[in-house]
Amino acid sequence: MKAIARGICLILPLLANAAKAELSCRFDAALGNAINPAGIDTFLAGSDPRGIGALHEGPGRSPSGLLYATPSIPPAPSESMQGWSLRGGLEAGFLGGDGDDRNTLWREYKDLRNGFLLDNFGLYAEKPGEAKYLSFFGGSVGRDDQYYGFLYGRRNDYKLRLFLEDTPHVFATDARPIWQGLGSGSLTLPAGLTPGRGDRASIQAAVDATGATTLELIRRKGGIAFDKAFSETLSGFLHYTVEKREGARPFGGAFFFPTPPGVGASMETVEPIDYLTQDIVAGLRYADELRQFNLSANASLFRNRIDTLTWENPFDVSLGPTPNAANIQRGRFDLYPDNEAYQVKADFAQAFPSFLRSRFTASASAGSMRQDDALIPPAVNSGTAGRGSFQYPLESWNTTTALSQKNAGAAIDTATASLGYSLVPVDKLTLRAKARYEETRNHTDYTAFNPLTGQYGYPSLDGARGTIAPNENGFYTPGSGLNSQWHYRSIPFDYRRLDYGLVAEYPIARRTQLSGEYERQEIERDHRERDRTWEDRLRIALSSRVANGASLNVSLEHGERRGSEYNYDPYREFFTASLPGYPNPSRELPHTLADLRKYDLADRRQDTLKARFNMQLREDLDGLLSMRLQESDYPASYGRTGRDSRSSVSAEINYQPAPLVNAYLFYSHETSRMQQAGIRDRSIPGSSPDAGGNDYPLANAWRVETRERNDAVGFGVKVDFSRFRLDFRYAYADARSPVSYEAASQGASTLPLAGELAGAFPDITFRQHLAETSLVFPISGRLAARLYHRYEDTRLVDWHYTGLAGSLLQGSILYLDAGPQSYRASVFGVFLQYRL
Amino acid sequence: MLLPLAAQAQEATFVGEKACTTCHVVINEHFSHTSHAKAFRANPRNEREGRVCEACHGPGSLHVKDPADKTLLIGFTSRAATPIAVMNGQCLSCHQGGERLHWPGSIHESSQVACSDCHNPMAKFSREGLLRKQSVSETCYGCHQQQRAEFRRRSHMPLPEGKISCTDCHNPHGSTTKSLLQADSVNALCYRCHTEKRGPFIWEHAPVRESCMNCHVPHGSNHEKLLASPRPFLCQQCHANDGHPTELLARSGTAAGSSPDARLMARSCQTCHAQVHGSNSPSGARFHR
């Protein structure tokens, strides 16, 4: 450790001379992991028995009455080298037990595998004579959730920061993808399966022969930031981060609708992830007593090193004798394209203390998101596709000469502007006016048109759709005299949003403030079901600092959203039926149920009550109570409908009878309910889109209600005894999500209702016990031993996955796994702590 | 500097740091390890910072004479007689602007939240930020208890695992957005980590482009992928197009039922419509490719 410190002292002067450029930026805020979420130094000496040192009895509290914790014993000044004082330490040891458990949820965001663990380390150096400092810290060294931070700077002058952090994300640990080439852009079938010609027995044999595979990705992000104070009022920053995501995750893939079995096929494939993102942001900040401004510019570049995913089809997508089904051998995804985003942003504030104590703020930003990837051919297969008289050669579609344009040319520009003005026109009354405008401008314009054939559209599902369903190839042929309705043009969704409002605040008593607010939000949307929506919101709030450090915040908000006339089909111009010469456009199927209202645009009335009360129960005991009730009414008959209720209540007590003792207990309860309704259509061309019409008869109506109930309880105890320190935490979460339904008749569904027009799914349930124990035994002034234990018991039941275990091949659908499973895991750790 | 009225009236004067540390020995030990102490002592920007304790607490001559009278010094705890506006004004006199430019009029300010409700600069509890607790999330949970429960749900952002914090998405000091977001919109915020979904794509999904929260909840969910409700019912709230989106999907369609149906099993609609966030494939108008 001394040699390392000596080395650092030698290179520090070099770093100081090099750090002349002026950079600065925001740092990623969290560096930690599951064992140490706060990323603190666990090797510090225990809590200070003297408390924080306030000259009064009992613990201190924040102005809202929240107890302040007891700080750790301040580290003693240690070695000094060339003016640098050093301190630091590390904690290292071994983990054992169920750390290697393969369960997906256990491993989702953490790495607790058995074996050696350098849990955390820190080296801190100060040179008070020059106001310089250096920190180097990290944790979980070499593991999938490792993190490191480096800081070097001079107080009130400049700061150089570097970080590196890994975040694992495990999606599945028992996946059984039958393909070879996982993690690449090409998935090929194993020997024994011929693309486009597989039978059920062969596919099942391939599944049985496939071992368990883990699908995961690691997000590795690193960055460098430089902050420089040019003067007391002006500072600048430059920040650069680079992030790599590598791995694989579950994905989809379809060759027509797979129900009933043998018609089409769908399957879960594996998406390769090989992303690189670079971000750079630079800016200036100015702040004096009256005036402040921020100016920044940033650029973000995303690169996907794997452009496409081509996978071989294990199924024979036949519907009876279909000679072309064998040509549907592969499917191809165009994976997320490379993109760039740029933005400049400015904030300004000016205070006018002598004019009604007013303050003016203004913010503005302008940005652009762009993507111009080379487009792939519309089809990947060869040979003839389609059926009967609707057959066509895939060779007309499987090269880029079949495209109307070779590159995407996609771009969306964004802009925001906000203004605010506050003033105190009469004693104690504060008025605020605010307005915020935000807009997007979508410049993307793509037409699916094949110049080789003169057809509009694309071969749907790489030729599978038309091969199974006659005249459903995916494209319209002008002059053919045949109806063939397809979405053929990109839709440039845009919006312009304006929020404005007034706020009045007045102290009605000492430390009690009443406020009232009116806000209106107006949104204009292009190519959506409503051109305009507007929402008026009224809010009153009370904030009070009552006696003995208690505080109360209560607010009630009422909102009413309305809008312009609802157009159930605003997309006509983007579909082939709008093309000149299209035969009988009125003979098309209705686009959708005309009475359905999409909930993001629908009329809505919403009331929200929030309350929060912090109270000092005793000098060493505080209590917190909060609640939230929200009722939203959707008057529409179809889509989201009726009353949507959400309510939550939380309580917590904190107990701190002495500086070395701390305990807490919390409980949260939340319930919600949401309703929706629909009508199963009869697919009658040219019929009315209205509820009760020929295509959407009321006898086919149905309703679904989704409820949730969540409970969470937990407690923790932290005690510093002279011979050991104990930190124990326990949390229990219990969630239940019932889904119930009712149908007007069997006509509401093609699935058998078995005579029961009302029913329910098995509840989705999630229960988790989580207990964590830490015992630290001081051995000497610098050395301590730590015993660690983590226990998780998670029970998950989700009807989406029930029945898939051992049955990954369901008719013409192939799944990767049976979803996340329940588990019970216990990990023990033995560590040594060493302090410099 | 805003002085308590009593102090103003009696014309308090500065006494120097040593006068403070004569009595406040232990608190000085803790304070000495904070960035304020180190900056003020080693490289003060101005005369005020050079006063160290009195830079924040104001001139202490009256307090030295009568320590029991809380009105004679600026305090930052519940025992102080200092109004919250004065407390915050002290902090903002140095820390105004930057991330705190929109603090005046923000929901926290309107709710009379004091800087020292979240920060405790007298000792080092957290690695950065001089927080009241060891981490940002524990500090926020002091008032936002419901969010602690949300992060413990079946699918959640990796906040309990220490990989993300509240301030990665929110600016507690104020912003131009209602939810105190760190970006101009929900999507601009989400794109910071989920850059692949930024696109734009030649085939867009309208509710996706407008707001990620049309389908997802930000903290934790009882459903996969932080979805607001279970598939396929989430999708059916908007989609009643002809054919397979319109019908009621009942229990018999699960894998354990009599008629297993792709729309109910596993990824549900996304088994086929895998590119639900938008597609750049010329054949991706329905997000199949």
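Preceding this section is the structure that the text describes.
Rules used throughout
Residues numbered from 1 in each chain as written. Chains lettered and ligands numbered in written order. Predicted model: local features only at pLDDT ≥ 70, side-chain atom pairs only at ≥ 80, totals over all residues. Heavy atoms only, no water. Buried < 20%, exposed > 50% of the residue type's maximum accessible area, 1.4 Å probe, protein only. Helix = DSSP H or I, 4+ residues; strand = E, 2+ residues; numbered from the N terminus. Arc of directions from axis to C-beta. Polar contact = N/O pair within 3.5 Å; in protein donor to acceptor, adjacent residues only side chain to side chain. Contact = heavy atoms within 4.5 Å. Salt bridge = Lys/Arg side-chain N within 4 Å of Asp/Glu carboxyl O. Nonpolar A, V, L, I, M, F, W, Y, C, P; charged D, E, K, R; others polar. Pairing = 2+ DSSP bridges.

1. Quick word on helix α3 (residues 200-209) of chain A
An α-helix turns once per 3.6 residues; consequently, residues spaced three or four apart project the same way.
Residues and elements named next belong to chain A.
Then comes step 1: By the burial criterion, the buried members of α3 are Ile-203, Ala-206 and Val-207. Projection of α3 onto a plane perpendicular to its axis shows the buried side chains occupying an angular sector of 100°, all on one side. Seen from the open side of α3, the exposed residues pointing more than 90 degrees away from its buried face are Ala-201, Asp-208 and Ala-209.
Then comes step 2: Regarding α3, its N-cap is Asp-199, as a side-chain oxygen of that residue lies 3.0 Å from the backbone nitrogen of Ala-201 further along.

2. Brief notes about the interface of chain B and chain A
Then comes step 1: The interface is formed by 152 residues belonging to chain B together with 222 residues belonging to chain A.
Then comes step 2: Taken together, chain B and chain A are joined by 18 salt bridges.
Then comes step 3: Here Glu-519 of chain A and Lys-178 of chain B are joined by a salt bridge, their closest N and O atoms 3.6 Å apart.
Then comes step 4: Looking at the side of chain B that touches chain A element by element, the count peaks at five residues for helix α12 (residues 145-150) of chain B.
Then comes step 5: A class-by-class count of the residues in the side of chain B that touches chain A yields 53 nonpolar, 60 polar and 39 charged.

3. Examining the sheet that holds strand β10 (residues 254-255) of chain A
Pairing between sheet strands relies on hydrogen bonds along the backbone, with the strands arranged either parallel or antiparallel.
All names here are of chain A.
Then comes step 1: With mixed pairing, four strands are arranged side by side in an open sheet as β10-β11-β42-β41. Bordering the open sheet on either side are β10 and β41 (809-810), each of which pairs with just one other strand.
Then comes step 2: With two bridges joining them, strand β11 (residues 265-267) and strand β42 (residues 813-814) adopt parallel strand pairing. Opposite Met-267, over in β42, you have Leu-814 as the bridge partner.

4. Brief notes about the environment of Arg-192 of chain B
Residues and elements named next belong to chain B.
Then comes step 1: Assignment of secondary structure puts Arg-192 in the loop between α14 (186-190) and α15 (206-210).
Then comes step 2: Residue Arg-192 is classed as partly exposed on the basis of its relative accessible area, which comes to 37%.
Then comes step 3: C-alpha separation for the pair Arg-192 and Cys-169, spaced 23 residues apart in sequence, amounts to 9.5 Å.
Then comes step 4: For Arg-192, the side chain forms a polar contact with the main-chain oxygen of Gln-182, separated by 2.9 Å.

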